[in-house]
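Analysis of the macromolecular model
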Amino acid sequence: MDTKTNPHYLITGIQQIGIGVENLVEAWKYYIDIFNMDVKILDDNSVADIMAHYMGGVPRPKRAVIAISMQGGGGFEIWQHQQHKPKKPDFELQFGDIGCFAVKIKSRNIKQSFKELSEKNVKILCEISKTIDGKDVFFIEDIYGNSFQIVEDNYIFRDEKRSTGGPVGAITGCTDIEKTLVLYRDILGYDKLLADETGVFSDVAALPSGNKTFRRVLLTESKPRKGAFSRLFGPSYIELVQALDRTPNKIYEGRYWGDPGFIQICFDVQNMRALERKCASLGFPFTADSAVKQKSDAESFEMGDAAGHFTYIEDPDGYLIEFVETHKIPIMKKLGLYLNLRNRNPEKPLPDWILKMLRFARMKPEHVK
């Protein structure tokens, strides 16, 4: 397949949500404890030079770990600056602020998840209630001040008898929902409207500024995603929120990429160059591209034990969206087993038995260093 001219690209699903932290080891242990994000996909210590213009124009050393839950959903990219002192927001984040306000975490049993997280002394922000599409949800806040919406979602990749899985979406604040819809609907394939409501909402009333007036649009895919990891990721959801009676803050205003918070939403893709053409045609040009460093869009960028091609765009408000075309990931590193994705049918899901081998990279909290 000639990726230089082929007009077709695939969005396989949400690969991960980036979370900037001040202490990666502590944070990863914590996310294993509360969300079972215990399967290591990559661990990368390198200099983030391609993203320098989002970090004050200076390449900066970092450590990043991508971890997943085998029950399905995307992963977390837990990201820590190694030299730059991370800067937190100098204001309290409020519902509707610009950027990723909350990550949606899948739950097969909302009441059980509520009980388990309460018993772990996780801060509950809102009790179980119905959200705009009629499903049960509740909000929590982690020990770093990040908000998560636990959402009813019955899709399970591998049943590990746990009530929660990985991220299945995000709540993103924007200044103009119609402009942002072009990105999520027309490029990223969230073409099924689950709800479009304007008003004051009880399910977010307890959040900071949650008792004000908003327009909220909830989107998903009309058809199951295709591609290598589509069965692992499962369905996903994007909720766009527009504050109507206050001026929202930009969550990353005056801060660097990698500073504490949700630094990006990352999508797993196939045929990056076709995606680039589509993005550019609708006003979303790539602002970072790992292939530029490699001098060829055919070469992989090494990320720890994994490899691939990654790019970034900005949404209409400047929030970062990442795309990753995965070329290689470790399956059983100790035995030297790696999965090469370069020469296979891009639409065909990987067999479940291969993906389920990822569980052999499971990490116990005491082994995280």
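Located above this text is the structure these notes cover.
Throughout what follows, the structure given in this document is the object of discussion. (Residues numbered from 1 in each chain as written. Predicted model: local features only at pLDDT ≥ 70, side-chain atom pairs only at ≥ 80, totals over all residues. Heavy atoms only, no water.)

1. Remarks on the side chain of Thr180
Note on placement: Thr180 falls in helix H3 (residues 177–187). For Thr180, a relative accessible area of 0% translates into the label buried. Polar contacts involving the side chain of Thr180 include one to the main-chain carbonyl oxygen of Asp176, which spans 3.2 Å. Each residue touching Thr180, except ones within four places of it in the same chain, is listed here: Cys174, Leu240, Pro316 and Asp317. (Helix = DSSP H or I, 4+ residues; strand = E, 2+ residues; numbered from the N terminus. Buried < 20%, exposed > 50% of the residue type's maximum accessible area, 1.4 Å probe, protein only. Polar contact = N/O pair within 3.5 Å; in protein donor to acceptor, adjacent residues only side chain to side chain. Contact = heavy atoms within 4.5 Å.)

2. Some details on helix H1 (residues 24–35)
With twelve residues, H1 should reach 16 Å at 1.5 Å per residue; the first-to-last C-alpha distance of 16 Å fits that figure. Turning to H1, its buried residues number three or more, namely Leu24, Ala27, Trp28, Tyr30, Tyr31, Ile32, Ile34 and Phe35. A side-chain oxygen of the first residue of H1 lies 3.3 Å from the backbone nitrogen of Val25; this N-cap is Asn23. One or two residues past the end of H1 sits Asn36, with phi positive at roughly 60°. (Expected span 1.5 Å × (residues − 1).)

3. Some words on the pairing of strand S7 (residues 136–141)
Note: strand S6 (residues 123–130) against S7, five bridges, orientation antiparallel. Its bridge partner lying in S7, Cys126 is registered against Phe139. The loop that links S6 with its antiparallel partner S7 comprises five residues; one of these, Gly134, has a positive phi angle of about 90°. As paired elements, S7 and strand S8 (residues 147–152) share five bridges and run antiparallel to each other. If you follow Phe138 over to S8, its bridge partner there is Ile150. Here S7 folds back onto S8, and the loop between the two strands holds five residues, one of which, Gly145, carries a positive phi near 90°. (Pairing = 2+ DSSP bridges.)

4. Description of unusual backbone geometry
Positive phi, normally seen in glycine, also occurs at Asn121, with a value near 60°. Mapping Asn121 onto the fold places it in the loop between helix H2 (110–119) and S6.

5. Section: the sheet that holds strand S12 (residues 237–243)
Taken in spatial order, the eight strands line up as S6-S7-S8-S5-S9-S12-S11-S10 in an open sheet, and their pairing is mixed. If you trace the sheet from one side to the other, it starts and ends with S6 and strand S10 (192–199), each paired once. Between one strand axis and the next, the sheet turns through 20° on average, direction left out of account. Contacts between H3 and the sheet are confined to strand S9 (164–173), strand S11 (214–220) and S12, with S12 contributing the most and set at about 165° to the helix. (Axes fitted to C-alpha atoms, helices over the stretch in contact; angles between N-to-C directions.)

6. Digging into the packing of aromatic side chains
Following the criterion strictly, the structure yields 20 aromatic pairs and no others. Relative to Phe138, the ring of Phe114 lies with its centre 5.0 Å away and its plane at 75°, an arrangement referred to as edge-to-face. Of this pair, Phe114 sits in helix H2 while Phe138 sits in strand S7, and the two are 24 residues apart along the sequence. Exposure remark for Phe114: the relative accessible area of 18% places this residue in the buried category. For the pair Phe310 and Tyr312, a centre-to-centre distance of 6.2 Å together with 85° between the ring planes defines the contact as edge-to-face. Take Phe310 and Tyr312: they sit in the same class, and that class is buried. Through pairs of rings, three or more aromatic residues link up here, namely Tyr30, Tyr31, Phe35, Phe76, Tyr144, Phe148 and Phe262. Here the basic side chain of Arg225 rests over the ring of Tyr190, its NZ or CZ set 4.9 Å away from the ring centre. The cationic tip of Arg255 hangs over the ring face of Tyr252; the distance from NZ or CZ to the ring centre is 4.1 Å. (Phe/Tyr/Trp six-rings, centres within 6.5 Å; stacked < 30°, edge-to-face > 60°. Lys NZ or Arg CZ within 6 Å of the ring centre and 35° of its normal.)

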